[in-house]
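Overview (structure and organization)
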Amino acid sequence: VVNTYLNDYLSTNRGMTVEGATLIILIFGVGNGAGVTFGGIGSTYLYSNYGPRYPSLFSGCAAILGCFPMWFMLNYNFNSGNGNNGIDNGEASGSLLIFILISLLAGVLS
């Protein structure tokens, strides 16, 4: 659901360009793939060393912690800067980098 509607939400309701929103979806997907891979490795380690209770605690905590970067990603102000959408101007490149890192973190934790 997130990959389907987040692009439209960011471009239509939050004032981001379609290209910027697509980049965020791409980064979110890369983070999601990394989260699935490393979550599987971590859960296997927890299961083999500590028992069957800890992988479910690990994934539950990751799902709860994933709400915070996702909330930030949905409520970020793209109109900060000099009136542009925060993606096309040079002074907002740090802002874009922070948003990309938050998107990656949300993908990993989801």
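Here goes a summary of the coordinates provided. (Residues numbered from 1 in each chain as written. Predicted model: local features only at pLDDT ≥ 70, side-chain atom pairs only at ≥ 80, totals over all residues. Heavy atoms only, no water.)

This part is about the overall build of the protein. Summing up its helical and strand segments, the protein has five helices and zero strands in all. Starting at the N terminus, the α and β elements of the protein follow one another as α-α-α-α-α. By the burial criterion, 35% of the 110 residues in the protein qualify as buried. Long-range contacts, defined here as pairs at least 24 residues apart, represent 62% of the contacts in the protein between residues at least 6 apart. Of the roughly 6,600 Å² of accessible surface on the protein, 67% is carried by carbon and sulfur atoms. (Helix = DSSP H or I, 4+ residues; strand = E, 2+ residues; numbered from the N terminus. Buried < 20%, exposed > 50% of the residue type's maximum accessible area, 1.4 Å probe, protein only. Contact = heavy atoms within 4.5 Å. Areas by Shrake-Rupley, 256 points an atom, 1.4 Å probe, with all protein chains shown as cover.)

Right, let's talk about the layout of surface pockets for a bit. The volume enclosed by the largest pocket comes to roughly 210 Å³. The wall of the largest pocket is formed by Gly-35, Val-36, Phe-38, Gly-39, Ser-43, Phe-58, Ser-59, Ala-62, Ala-63, Val-108, Leu-109 and Ser-110. When residues of the lining of the largest pocket are traced back to their parent elements, those giving at least two are α2 (18–50), α3 (53–65) and α5 (93–109). Element by element, the count of residues in the lining of the largest pocket is highest for α2, at five residues. Looking at side-chain class alone, the lining of the largest pocket contains seven nonpolar, five polar and no charged residues. (1 Å grid on protein atoms, 1.4 Å probe; cavity = no way out; pocket = protein on both sides within 12 Å on 5 of 7 lines; lining within 4 Å. Points joined across faces, edges and corners; volume = space filled by probe spheres on them. Nonpolar A, V, L, I, M, F, W, Y, C, P; charged D, E, K, R; others polar.)

For the rest of this paragraph, the subject is the nonpolar core. In terms of nonpolar packing, the biggest core is built from 15 residues, with Leu-10, Met-16, Ile-24, Met-73 and Phe-99 touching the most fellow members. It is α2 that provides the largest number of residues to this core, a total of five residues. (Core = buried A, V, L, I, M, F, W, Y, C linked by side-chain atoms within 4.5 Å.)

Residues lying three or four places apart along an α-helix face the same way, a consequence of the helix completing one turn every 3.6 residues. Between its first and last C-alpha atoms α2 spans 46 Å; for 33 residues at 1.5 Å apiece the expected length is 48 Å, and the two agree. When α2 is considered as a whole, its buried residues turn out to be Gly-20, Ala-21, Ile-24, Ile-25, Ile-27, Phe-28, Gly-31, Gly-35, Gly-39, Gly-42, Ser-43 and Leu-46. Just downstream of α2, Gly-51 is the residue with a positive phi angle, here 110 degrees. (Expected span 1.5 Å × (residues − 1).)

Turning our eyes to something else, we now look at the side chain of Ser-103. Along the chain, Ser-103 turns up in helix α5. Discounting residues that sit within four places of it in the chain, Ser-103 has contacts with Ile-24, Ile-27, Phe-28 and Met-73.

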